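# Residue-level structural notes
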Amino acid sequence: MKNFKKIFATVLVAVMVLSFCGCHKKGEIAIKIGDVSFTSAYYMCALLEADMDARQQIDTKAKSDDSIDTSKEGYYYSQKIDGKKYVTYVKDTALDRLKTLASYKIKAKEAKLKISDEQQSNIDAYVSYYWNSYGYSALYEPNGVSKDTFAEFFRDSYYSDLYFDYLYGKDGEKAIPDDEITAFMNENYVLADVLSEDLSSKEEAEVTAITEQFDGFYSELKGGKVTFNEIYETYNKTEEGQKQESYSTVLGSSKTDNADENFDTIKAMAVGEVKLIKAEDGSKITLVVKKDLSADETQKENLDETIRHNLKGEEFEADIEAFKKTLKVNENKSATKQFNIKKIEYPQQSAT
């Protein structure tokens, strides 16, 4: 589910209304992989995910490639991704997604894993948010994809986390030793109070004023005249009801998903040390107080799953990729041929 959420968070930045040519019978099976069957509506979910991802890749490439004429209607379809024609890439990606989901479900079934009531409650909350508040109903419903089908597609992604934890969790078959997790945490994460300001788009006078203000904060903090919380709340004009006991944040190295540009500098600091970091190009200024991550049990617990994925994620994915190759795929072409990628329409509307 982690990868699923990441794709949707980055790809769909606005509410879109979709018109997809073709129709399908309710419950019609489009693809069977191993002993897992996927309906036409479910297959459409995979196509949409793949198409949105492909479009974003091309739009990102177009920002630095003048040869891509984004003013030309249907410009996506003349492009290639990973050496494949656009339509082929989308179809292959959708099918590969189904193979992955089938693998998770098969492995989870073999291990007798079930989604708990608490996990299902979290899934239901995500589905309701995306469907009702993020505009997915307008994207899927007009094309015969019900909320239940979308929920099933989303829910199946959770088997990845379930199976990973079964293998590499604290009590897993391939449980990672605690000392290995601690070592990775100490090497690749730091805890700090951080107040920063992006100066790159500000006028010279404003940059000067902010820099002087941060210089003052640094001197007051070093001298013990104020606490970091007081500085943070003053600078951000935090109202009484919004104040927190701590504003500490975890920062990662380049080996993590939340890499921070100042990681090396902060890691070298002593616990309790205060530092004012000014970017060499003048684009950013950051006030930092180093905290003790090893003493914060809550932060350590929050990092546990992330660290396990950092350590064993590639191994897990490689094993799934190998298993996917052993699965037999049966495609009901009379069901899948109705989906014409080139006739997907995305009339852009303002985000909600």
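Because the structure is predicted, anything quoted here is derived from the model rather than measured.

Using the criterion set out here, one finds 30 aromatic pairs in the structure. With 6.3 Å between their ring centres and 35° between their planes, Trp131 and Tyr140 make a pair best called tilted. Exposure remark for Trp131: the relative accessible area of 4% places this residue in the buried category. A residue is classified by how much of its surface remains accessible, and Tyr140, at 0% relative accessible area, is buried. Their ring planes at 25° and their centres at 5.8 Å tell us that Tyr136 and Tyr140 sit as a pair that is stacked. Separated by 4 residues within a single helix, Tyr136 and Tyr140 lie in helix H5 (residues 136-140), roughly one turn from each other. Among the aromatic side chains, those forming a connected cluster through ring pairs are Tyr126, Tyr129, Tyr130, Trp131, Tyr134, Tyr136, Tyr140, Phe150 and Phe154. Just above the ring of Phe323 sits the side chain of Lys107; from NZ or CZ to the centre is 4.3 Å.

Pairing in this open sheet of 3 strands is antiparallel, and the strands run E2-E1-E9 from one edge to the other. Whereas interior strands pair on both sides, the edge strands pair on one side only; in this sheet they are strand E2 (36-39) and strand E9 (329-331). Looking at each pair of strands side by side, their axes are set apart by 15° on average, direction ignored. As judged from the 3 bridges shared by strand E1 (residues 29-33) and E9, these two strands associate in the antiparallel manner.

What counts and what doesn't
Within each chain, residues carry numbers counting from 1 in the order of the written sequence. The predicted nature of this model means local features are confined to residues of pLDDT at least 70 and side-chain atom pairs, given and counted, to a pLDDT of 80 or more, with totals for whole chains, interfaces and linings taken over all residues. Just so you know, side-chain values use all the structure's heavy atoms and leave hydrogens and water out. Pairing of aromatic rings covers Phe, Tyr and Trp, the last through its six-membered ring, and needs centres within 6.5 Å; plane angles under 30 degrees mean stacked, over 60 mean edge-to-face, and all others mean tilted. For each residue, the accessible area found with a 1.4 Å probe, counting protein chains only, is set against the maximum for its type, and the residue is called buried under 20%, exposed over 50%, and partly exposed in between. Only DSSP runs of H or I with at least four residues qualify as helices, and only runs of E with at least two residues qualify as strands; both kinds are numbered from the N terminus onward. Definition used: whenever NZ (Lys) or CZ (Arg) falls within 6 Å of the ring centre and also within 35 degrees of the ring normal, the charge is taken to sit over that ring. Two strands qualify as a pair provided DSSP detects at least 2 bridges between them. Working convention: axes come from line fits to C-alpha atoms, limited for helices to the stretch in contact. Angles between N-to-C directions cover 0 to 180 degrees.

That's the geometry; what it means functionally is another story.
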